[in-house]
Structure formats: C-alpha cells, structure tokens
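Below are the chains, spelled out letter by letter.
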Amino acid sequence: MATNVKVAVRVRPFLPREQGEECVISMHEKTTTVTTAEQSKLFTFDHSYWSHDVADAHHVTQEMVHEDLGEPILASALQGYNNCLVAYGQTGSGKSHSVIGYEDEPGIIPRILDSLFRGRPQQGRTIANVWVSFLEIYNESVKDLLYAGKEDSGDLPVRDHPKFGTFVVGLTEAMVQSAGEVQQLMDYGTKRRVVGATNMNANSSRSHAVFCLKLEVHKGENTEKPVVMFSKTLLVDLAGSERQSKTATAGARLKEGCAINRSLSVLAMVIRSLADLASTEKKKSGAAKAGGGDFAPFRSSKLTYLLKDSLVGNSKTALIAAISPAASNAPETLSTLRFASSVKTIKTVAKVNMDSKDKMVLELKQQIAQLKSQMAEAGAHPEHSEQLEAHTHLLERMSMSREEHKQEAEHLARLRQEVVDNAGLSLECMEDAMGIGADSPYLANISNDATLSGQLVYMMRKGMPFTFGSSEENSVVLKGLGMPSHLCSFLNEDDTKVSVQAIEGGGSGRLVVNGAPVKDGPVQLHAMDRVAMGRVALLRVMVPLEADHQDPVIVAAAAMDFEACLAEIVQNSENSESLAQFEFYFEELEAKVGKRAVSDLIHQLHEICPLVDEANEISSQVRPNDRLKIDVDLLWDIHRNRVGDYIILRVLKELPDGPAVLAFWTSAKFLERVELMRNVFEEWHRNGDWTPATCSDPWVDPRYPEVHEAVYQLKKEAQERWAPTSGDGGAKSIQVAPGRAGFLPDLPVAAAEIVKP
C-alpha cells in the first residue's frame, strides 16, 4: 500500500547573534506560519514542532520528537521494513540537533540505538545481527567515515540491485552488539569528517552525512530454520540548503549554482519531478501513483541515487525540516518550507523484506553466472561490468558467517584505534590517554558546524614538544591547504605554562594566535586562546589549571564561535597579502570620500581579500607552472566623491614581459569561483593531480558583460563630464586604486571594442 512521506517541521531558539530580532514563525497544531512585512504564508505538515522557547508550555522536547519519528522507525525496522529519515534546512537551523543531539539532549539516532539494544524483547522476534555504516558525500565524492586506514577511503561507487536496492560498494559495514559500540563508531566517523577537511572554510556545512543501520531479525519459534527478515534504515543529515542561493548571483545561477552543491540541486529537481507526477496522477485517478520515479534524474547525483528507494521505492520515509525563527533568515525559511511541502506529496510502497538467506545467495550466484555469460558473448559492456561488481560485492558480504563478521569488526576496531590515537582523542578518553591527566593542557578543534566542535582533542604531555605539520614525522599530521611539512611546535612546561612557535625551515605556512601572526620566537598561550594553522585547522587552547570561569576575558573568549574566530583573523591585515596593499590608502581616501563610504569599502575588502589569498594559494599548489594570480582592484569615480560597489578582480598570468589579464570578475562572480576552486583542490588533494577534463575549470572564464560594461560606463561618464574645455588640458581619467594608474585609460571607449581576456 502506498503511503505519503511523513513531514515534520521544527523551529529552534534564537542564536546569540539573532537576539533582538523579530520572530517570524508561529505554530498551531499541524500548521506553521511565516509572517513578514511583505506576506504571511501558512503551511500544513504532519507535525509542527515549537522548540523556540523552553519556557513555553507548548515547547517540544527531543523525547517528543523521538516518539513521533524515531519510535515508528525502529518499530517498522524490526518488522522488516526499510526506513529513511532526512534532515533538511539551512546551516545552523538545528538539523544535527534533532538527528544526533548532544550528550544531555540525545537526538533521534542515539535514542533509536538505546531502544534497540536496551529495549524490551519483541514477541516472536529475535534480533540476530546488527550492522552500521557511516558515509559522507562531499563534492560528489562518497567517503567511508568508518574506513580504518590512515588516508581516506577514496571515492566509492554507488550501485543498484533490483532486489536489494541501492548500496555503496566497498563501504564498511561494522557488526555491533551494543549501543556503546555504535557510539564509538559514530565518534570515529565524526573525527574523520573533521580531520578529512582540507579547508576549515569548506567542510561540514557543504557535505551530507548518511548513517545506515541494518538489522537481521529472526521470526518464529523454529530456531534452526527461522523466517529471516532484513531491514535497512538510512538517517541522513543534509548539507546546508542555503549554499546555492547565497553564493549564486542571478546572472550565473544556471551555470554555476548547481556546481557549488550539485547534490542538493539534483535533489530539488527530483522532488519537484516527483511532486509534479503526484499532482498529475491525482488529477487523473484521484490518487498519486507511487514508485513511478523512473523519469526523475536520480543518477545525476550520488546523493539522490543513494536515496532512490527512499523516495520512490521500498521504504517508509520521513523528513524533518529545521528552520530558524529569525526575520533575517525568513527567505531561507520560506524556501525550506516550500521544499518540505513538495516532499509531503510523494508516495512510497514499503514491503517486508522476508526471505531465506540461502535462497538469496543462490540467486546472486545465478545472476553472476548469467552476467559473466553475457559478457563473454557480447564483450565487457560498462553496464555489465558495474552489475557484476555490485552482485559480487553483495555475494561476498552475504556469504560471510556471523563469526567472520565479528572477526572483521574486531580487526577493523583495532586499526581505527590507531588512527584515533594519531588524530586526536575525545574528552572522555583524556585520563586514560597514555597516562595524561585531566589537568593537562590540550587543544580542541573549532568547527563551523557546532556539532563538530570539540570532536578532536590534542593532549600535550608535560615537557615534550608537540608538533603539527603535513609530514608523518609530526606529533599530529594535518594535511590540506597552507600546511607545510613542519608548521609549529607547542610546549607544555608545567601544565600551566604553554607556548607555541613556528618551526624554522619547516616550510611556509600560516600560524595565527588570537588573530595575530606568529613570527619570531615562542608565543605564550593562555586558556581559551585561538590558534589557526594554515587554512586547515582552528583550535582553542584549554588550560584547566589556569581557567577561571569568572574572568570576563576568559568568558568572552570561550563564547567565540567559528565565525567570531575567523573575523578576528580577517580584521588583521597582516594575515592577508591582498588586504595589506590597501592599508595605507584608507586615510587618504577617507579625506576625499568620507568616513562612512570608506567603512563600507573596508567591510567589503575584509570579506573578499582573505578569499583572494586562499584562491591564490590554491592556484599556486594546483597549477604551479601556470603562474596564475588573482588581484584586487578598486574602481570608482573619485572626482564625484562616490564609492560604489566597484571591487573588481583580475585573473593575471605572469609572463616574461609582465602580467597579462586573462579575465575580470565581479566580487559575486569571484565568490562562486572560490567555491569551485575549493572543489578542484579537494580533487587534487585526493588524487594527487587535477585536469580540467574531470572538473569545470574555475580559472577559465568566458567574457562576462557586467564587468566590462561597468568599466565602459565609468570611462564614458568621466569623458563626458571632463571633456576638454578652454583652459583644461584634457579629459581627466578615472583612477584605479592603489597603484593602478594607467590601467583604465588604456581601455577603449566603446563597449564593443573592449578587449576580451
């Protein structure tokens, strides 16, 4: 029987930065209303959860959400049904809080696991085996978060089987026997997400996390030949949904918006297609047809391909949409609610997965033999090769005995522990870690995803240097953008005095403490200080014996989140080569155009210049022989004392006779290109190489009229305004600051004549 996808919406409390804003969300029973100055929009869902105010009588707790969504998932899984729960919403909306939660407020996943292992036995049913897997999808690459190697797993393929559905070939499926084991695996996977991020500006909020729980349940009184039921439950924490709209301008959204987060773009297309089908079928027959999603572009993204069965096939599926109450996020909130409204029209047909294991193994062997026969007759067609790979993988896993699964799990657990020891310990392991006491100083990671902050803890032994760098010789190995072989060394003198210094001769890399670059000699560190390493890691210094929770300085420093720490770095021009060139120009400019105009300009430069430095660092690593550089130009009409939004960026190529301009970008265009460059760096870092054939080239740019037209209009206005008159020596030129005199006057007057890059 076809059933609609269950949809719930949950609104979180105000964040500290939103205090004082108007709350635009109201809820009554199943309805959610967004009220702004422009409109009031009402939506109806299966559940509307008011979690905005803890003191409110209608406040919905984690336990209440679990009762509505988590308990039905576990109940149907024990009955042999596949399930899926998807968390959707903009970054910081509370998705992870609902799904994962915190230690004192566990989310749906830990509550399901607790009920599974500690709950009352099901009458007539025995849970024979439990497996879990954990993966991340970033930039269309599937990574195994439970992989037990030092490096990451590499990109894993997604395959489909007509009976067993979609699955990931080579993904670790760990057999577990307790909720504690699962929690350890989730902690390990979370650490891999943090360690695997090669750029601290582009990690978790742009990746999807998928946790899978597989059950083998035996039914009946006959223990020798029981009826065997299998179920697969996917719990999906999607990337922030605002990325496309906030980084793509109107003129380039179609071309590059999908490239920034292709998975969410394709997911939106799939949902729209399925919703349109449901609407059409309802008009024709009075009921939407389920399972008719063959036309939807599932294969266009690995995320949608993996979720294919959950959206149109054999699954009981639910969506929880997380929203912000703040007026500043109203556009994103409306977008999330419209998406959720589309999802609730989709139908799936869930069925009990009940079969004999011996029968399934026999069927797979027959299918493999048939595929090999077809390939021998017709040759190795790519589709047949993929099917053979998928069937072989399923047969290998299904043929393993329970004892073999247990031995595999124990072996991989030992390997994972070695990786954890090298990557950083959790707070719970401090006292047991190599004899280091709880009073010892340590470093804890700060992430742009609050749920990932504090997941990595680096303990510092007394009197022993503690080094960071990309070389295996370091105490902690961090690889990624801006990390040299040997970056820095920490020293814990007596559990109260901690210092850090750059390693001489270790290679060029950025080391910043509390926003100030570390240059010569050791820098004394204190509790709650912030340390940035390259563009890979942002860490907080923890000195338990020094910390005074009443000290206003320490309290303020402890409250600094990722964005505040990043702003601290950005505002210091010493950390930005691009920003430093403007430092001595602002005073002169302020006298000409006014303090407010210059303040607006500085704010824009603080946003753009650090990204320019990042882009140049990526260019030098990925394309060292091309000698490419991105340069910031300021373009305005000084004679009219007007500063407009005329920050332009030039893509330069160093040639023997001087730099050549390859392209002009607006700041909005540049922001999109930085995202694409980050994707290129990820591929280069993962594969050791990169070619434009495997990824769109962010450095190559066709002619974009908006920048050229802006240059032309300013030149034309200046020539018209300052045309030669008696006593005037000639037309005054528009100035380009700083030190760009002579650049613009060389441009032709007519827009059609502007030289292409």
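Described below are features of the structure shown in this document.

Calculation notes
- Every chain begins its residue count from 1, and numbering advances along the sequence as written.
- This being a predicted model, a pLDDT of at least 70 is required before a residue's local features are given, and a value of 80 or more before pairs of side-chain atoms are given or counted; all residues contribute to the totals for chains, interfaces and linings.
- For the side-chain quantities, the full set of heavy atoms in the structure was used; hydrogens and water were omitted.
- Here, any two strands with at least 2 DSSP bridges between them count as paired.
- Where helices and strands are cited, they refer to DSSP runs of H or I of at least four residues and of E of at least two residues respectively, numbered from the N terminus.
- Two joining distances apply to patches: 9 Å for like charges and 5 Å for nonpolar side chains (Val, Leu, Ile, Met, Phe, Trp, Tyr), and every residue must have over 30% relative accessible area and no salt bridge.
- Computed by Shrake-Rupley with a 1.4 Å probe, the accessible areas treat only the displayed protein chains as cover when residues are assessed.
- When a carboxyl oxygen of Asp or Glu lies within 4 Å of a side-chain nitrogen of Lys or Arg, that pair is called a salt bridge.
- In this charge count, Lys and Arg are treated as positive and Asp and Glu as negative; neither His nor the chain ends contribute.
- Where a charge lies is defined by one atom per residue type, namely NZ (Lys), CZ (Arg), CG (Asp) and CD (Glu).
- Exposure is judged per residue with a 1.4 Å probe applied to protein chains only, and the accessible area is read against the type maximum: over 50% gives exposed, under 20% gives buried, and values in between give partly exposed.
- When checking whether two residues touch, look at their non-hydrogen atoms; a contact exists if any pair is within 4.5 Å.
- Only Phe, Tyr and Trp rings take part, Trp by its six-membered ring, and two of them pair if their centres are within 6.5 Å. Stacked means planes under 30 degrees apart, edge-to-face means over 60, and tilted covers everything else.
- Counted as over-ring charges are cases with an Arg CZ or a Lys NZ within 6 Å of the ring centre that also lie within 35 degrees of the ring normal.

Overview of the pairing of strand E4 (residues 31-35)
Regular strands place side chains that alternate from one sheet face to the opposite one. Pairing geometry for strand E3 (residues 25-28) and E4, over four bridges, is antiparallel. Each bridged residue has a counterpart across the sheet, and for His-28 the counterpart in E4 is Thr-31. Pairing analysis gives five bridges linking E4 to strand E5 (residues 40-44), with the strands arranged antiparallel. Along E5, the bridge assignment pairs Thr-35 with Ser-40. Hairpin geometry of E4 and E5 is characterised by an intervening segment of four residues between the two adjacent antiparallel strands.

Thoughts on a negative patch on the surface
Together, Glu-181, Glu-403, Glu-404 and Glu-410 give the surface a local cluster of negative charge. With three residues, helix H13 (residues 402-423) is the largest single contributor of residues to the negative patch. Position of Glu-403 among the secondary structure elements: in helix H13. Judged by its relative accessible area of 46%, Glu-403 is partly exposed.

Remarks on the side chain of His-393
Inspection of the secondary structure assignment puts His-393 in helix H12 (residues 382-399). Owing to a relative accessible area of 12%, His-393 belongs among the buried residues under this scheme. Beyond its immediate stretch of four places on either side in the chain, His-393 contacts Phe-167, Val-168, Val-169 and Gly-170.

Examining the packing of aromatic side chains
As enumerated under the stated definition, the model contains eight aromatic pairs in all. For the ring pair Tyr-88 and Phe-339, a centre distance of 3.9 Å and an interplane angle of 10° mean the geometry is stacked. With Tyr-88 in strand E7 (residues 83-88) and Phe-339 in helix H10 (residues 330-343), the pair connects residues that are 251 residues apart, well separated along the chain. Taken together, a centroid distance of 5.4 Å and an interplanar angle of 85° make the contact between Tyr-458 and Phe-468 edge-to-face. Here Tyr-458, found in strand E18 (residues 457-459), pairs with Phe-468, found in strand E19 (residues 466-469); they are 10 residues apart in sequence, far enough to count as distant. For the pair Tyr-458 and Phe-468, a shared accessibility class is recorded, and that class is buried. Grouped by ring-pair contacts, the aromatic residues Tyr-458, Phe-466, Phe-468 and Phe-490 constitute a single cluster. For Arg-416, the ring lying beneath its charged end belongs to Tyr-188, and the centroid distance is 5.8 Å.

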